[in-house]
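A closer look at the structure
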Amino acid sequence: MSASTTKQARNSIGHGRSRPHYGTHIFLTVMAVMWMVPLGWALFTALRPKSDTDKYGYFSLGGAFNFDNFAQAWTQGGFPRYFMNSLIITVPTIILVLLCSSMMAFAVSRVNWKFNITLLIMFTAGNLLPPQVLATPLFEMFKLIQLPYWFSDSGSLLNTYFSVIIANTAFQIGFCTFVLSNYMKALSADLTEAALVDGAGIWRQYVSIIMPLCKPAIAALATLELIFIYNDYFWPLLFIQSGDRLPVTTAINNLQGTFLSNYNLLAAGATITVIPTLVIYLVLQRQFVAGLTLGSSKG
């Protein structure tokens, strides 16, 4: 083998190796630390008694560490009831959002008709409106919708779980439709064409062919929607007046004193509130990452 050939082989091997992205790694590390510091500090504060922080200060290591604040926050804040309220609101909302957005995404991406792009733009443009702009119209509309008292003790949609579910569903459908439509467009058209030749209708194509292939994207969206809806504070506070129906994000208000706030207790309550989303994310982490990165290597 000649020297020039050996040099070319070395160059080809060198070009085949991926260069280390030190800048990207440093940036991601810094961002991860910035996001983890508040959570770590809240956990650190929650593990310390208030008497020790008053004696040594919050920026100290002196004193005891225990779970007394968590036990007190759990009982004083009424977390079992508020967690159940969040479950009643979050689970139906996620199901409705994913069901409606997947059907709409199928209609605008896999079916050729006149207004598919127009409808996709309308659904996407709806996310540009801040929720505060529609707060008053929605409140008045829900107040005017008359319901029997056996269904709603207010005689309207106000002070019910349904009002929060409807509002969250309406505001989240646009985002999920946009994501799922782009995902469905990347699927081969031969799949639905072959199914159409075999006699499969639109509903059969949607249920048996497209939806099974969209499981990674749906898992990723379900994780995101769980975080969005679970952490929502605006709509429940606007539509629900009864304290026993509010979600867990409002339970921290029960831990605030009238004249003095126990920040150790508040930190424990905030940590308890965050735990479900962390657990769900860790459980669905593989599906979440797969849904975000699938197709990224396609040229």
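Reading guide: rules and limits
- Residues numbered from 1 in each chain as written.
- Predicted model: local features only at pLDDT ≥ 70, side-chain atom pairs only at ≥ 80, totals over all residues.
- Heavy atoms only, no water.
- UniProt positions renumbered as here; feature names shortened; annotations may be inferred.
- Phe/Tyr/Trp six-rings, centres within 6.5 Å; stacked < 30°, edge-to-face > 60°.
- Helix = DSSP H or I, 4+ residues; strand = E, 2+ residues; numbered from the N terminus.
- Buried < 20%, exposed > 50% of the residue type's maximum accessible area, 1.4 Å probe, protein only.
- Polar contact = N/O pair within 3.5 Å; in protein donor to acceptor, adjacent residues only side chain to side chain.
- Contact = heavy atoms within 4.5 Å.
- Axes fitted to C-alpha atoms, helices over the stretch in contact; angles between N-to-C directions.
- Parallel < 35°, antiparallel > 145°, perpendicular 65-115°, else oblique.
- Nonpolar A, V, L, I, M, F, W, Y, C, P; charged D, E, K, R; others polar.

Under an unreviewed UniProt entry, the name given to the protein chain is ABC transporter permease, and the organism recorded is Arthrobacter livingstonensis. Under the UniProt heading Subcellular location (unreviewed entry), the entry covering the protein chain gives this text: "Cell membrane". UniProt, in the comment section headed Sequence similarities (unreviewed entry), describes the protein chain in these words: "Belongs to the binding-protein-dependent transport system permease family."

This part is about the packing of aromatic side chains. Per the counting criterion, the structure on display carries 16 aromatic pairs. Relative to Tyr 206, the ring of Phe 106 lies with its centre 5.7 Å away and its plane at 70 degrees, an arrangement referred to as edge-to-face. Pair noted here: Phe 106 is in helix H5 (residues 79-109) and Tyr 206 is in helix H10 (residues 202-213), with a separation of 100 residues, a long-range link. Classification of Phe 106 by relative accessible area gives buried; the value is 4%. Among the residues examined, Tyr 206 registers a relative accessible area of 6% and is labelled buried. Aromatic pair Trp 150 and Phe 151: ring centres 5.9 Å apart, planes at 85 degrees, arrangement edge-to-face. The exposure class of Phe 151 is partly exposed, given its relative accessible area of 37%. By way of ring pairs, the aromatic residues Phe 142, Phe 171, Phe 234, Trp 235 and Phe 239 are connected into one cluster.

All right, on to unusual backbone geometry then. One non-glycine residue, Asn 159, lies in the positive phi region at around 65 degrees. Residue position: Asn 159 is located in the loop between helix H7 (135-144) and helix H8 (161-185). Among the residues examined, Asn 159 registers a relative accessible area of 7% and is labelled buried.

Locating Ser 60 in the fold gives a position in the loop between helix H3 (50-56) and helix H4 (68-76). Judged by its relative accessible area of 16%, Ser 60 falls in the buried class. Within the structure, the side chain of Ser 60 is placed 3.3 Å from the backbone oxygen of Tyr 56, a separation counted as a polar contact. Sequence-distant contacts of Ser 60, defined by excluding residues within four places in its chain, comprise Phe 44 and Arg 48.

On to the packing of helix H11 (residues 215-230) against helix H13 (residues 263-283). Across the interface, H11 lies against H13 with an axial gap of 10 Å and an inter-helix angle of 175 degrees. By the angle between their directions, the pair H11 and H13 is classed as roughly antiparallel. Along its contact with H11, which presents Thr 223, Leu 226 and Tyr 230, the element H13 presents Thr 273, Pro 276, Thr 277, Ile 280 and Tyr 281. Residues that form the contact of H11 with H13 fall into these classes: 5 nonpolar, 3 polar and no charged.

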